Amino acid sequence: LAAFKAVPHTFVVAGAGSVGVEQAFELRDHFPGSPVTVYQRNPKYILKASTPNVGPLIMKRLKDEGIELVMGEALLWESPEIVEARGSYLTSKGRSVPLVDSEGRKLHVTWATGYRANNQPFKEGSCGDALDSEG
């Protein structure tokens, strides 16, 4: 860990659910001088499944800790060969996230994305009235 800390880094966490938020805080604690950015696909929700009103408190705490939160934009997963050849990841809005930033810091990505269940058969059947727009 000491050798890893000796080299400058920048961190991106893909996903702002409970795992992604915890990972962002851990990275900030272990690498206090390194930038940490969290990408959240959903433009409104962070920790959507948590207790109501917790999301805004967590968003404030992320900001207070110097962790950047990018809402409504996802980091796109691609094969390592494609990312290496291009020299960057891409976001859902077409932005480039370089593997090495302008200050020479190497990018490290943590994937903490969830999944979305395919509830379409239930929506079309007798359970449709019981499901909200999120499924």
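The sections below set out a description of the structure shown in this document.

Reading the values: rules and limits
- Residues numbered from 1 in each chain as written.
- Predicted model: local features only at pLDDT ≥ 70, side-chain atom pairs only at ≥ 80, totals over all residues.
- Heavy atoms only, no water.
- Salt bridge = Lys/Arg side-chain N within 4 Å of Asp/Glu carboxyl O.
- Helix = DSSP H or I, 4+ residues; strand = E, 2+ residues; numbered from the N terminus.
- Buried < 20%, exposed > 50% of the residue type's maximum accessible area, 1.4 Å probe, protein only.
- Pairing = 2+ DSSP bridges.
- Axes fitted to C-alpha atoms, helices over the stretch in contact; angles between N-to-C directions.
- Contact = heavy atoms within 4.5 Å.
- Expected span 1.5 Å × (residues − 1).
- Phe/Tyr/Trp six-rings, centres within 6.5 Å; stacked < 30°, edge-to-face > 60°.

**Remarks on the pattern of salt bridges**
Part 1 of the argument: One pass over the full model with this rule turns up 6 salt bridges.
Part 2 of the argument: Taking the shortest distance from any N to any O, the salt bridge between R95 and E73 comes out at 2.9 Å. Here R95 is found in the loop between β4 (88-90) and β5 (96-98), whereas its partner E73 is found in the loop between β3 (68-71) and α4 (80-86), with 22 residues between them in sequence.
Part 3 of the argument: You can call R95 partly exposed: its relative accessible area is 42%.

**Quick look at the sheet that holds strand β6 (residues 106-111)**
Part 1 of the argument: An order of β3-β2-β1-β6 is seen for the 4 strands of this open sheet, with the pairing classed as parallel. The open sheet is flanked by β3 and β6, the only strands paired with a single partner. Each strand axis lies, on average, 20° off the axis of its neighbour in the sheet, ignoring direction.
Part 2 of the argument: By the bridge criterion, 4 bridges tie strand β1 (residues 9-14) to strand β2 (residues 36-40) in an arrangement that is parallel. Within the sheet, the bridge partner assigned to A14 lies in β2 and is Y39.
Part 3 of the argument: Strands in contact with helix α2 (residues 18-30) are β1, β2 and β6; relative to β1, the strand with the most contacts, it is inclined by about 170°.

**Observations concerning α2**
Within an α-helix, residues lying three or four positions from one another point in the same direction, as the helix has 3.6 residues per turn.
Part 1 of the argument: The end-to-end C-alpha separation of α2 is 18 Å, in line with the 18 Å expected for 13 residues at 1.5 Å each.
Part 2 of the argument: Buried-residue contacts for α2 involve β1, β2, α3 (54-64) and β6.

**Some remarks on the pairing of β2**
Part 1 of the argument: Burial within β2 is extensive, with 5 of its 5 residues counted as buried.
Part 2 of the argument: Residues V36, V38 and Q40 point to one face of β2 and T37 and Y39 to the other, with burial holding for every one of them.

**Notes on the side chain of N42**
Part 1 of the argument: The topology assignment puts N42 in the loop between β2 and α3.
Part 2 of the argument: Setting aside anything within four residues of it in sequence, one finds N42 in contact with M71 and G72.

**Some thoughts on the packing of aromatic side chains**
Part 1 of the argument: For the coordinates displayed, the defined rule picks out 2 aromatic pairs.
Part 2 of the argument: Ring centres of F11 and F31 lie 5.0 Å apart, and the angle between their planes is 40°; on these two criteria the pair is classed as tilted. Here the residue F11 occupies a position in strand β1, and F31 occupies one in the loop between α2 and β2, the gap between them amounting to 20 residues. Comparing F11 with F31, the two get one shared label, buried.

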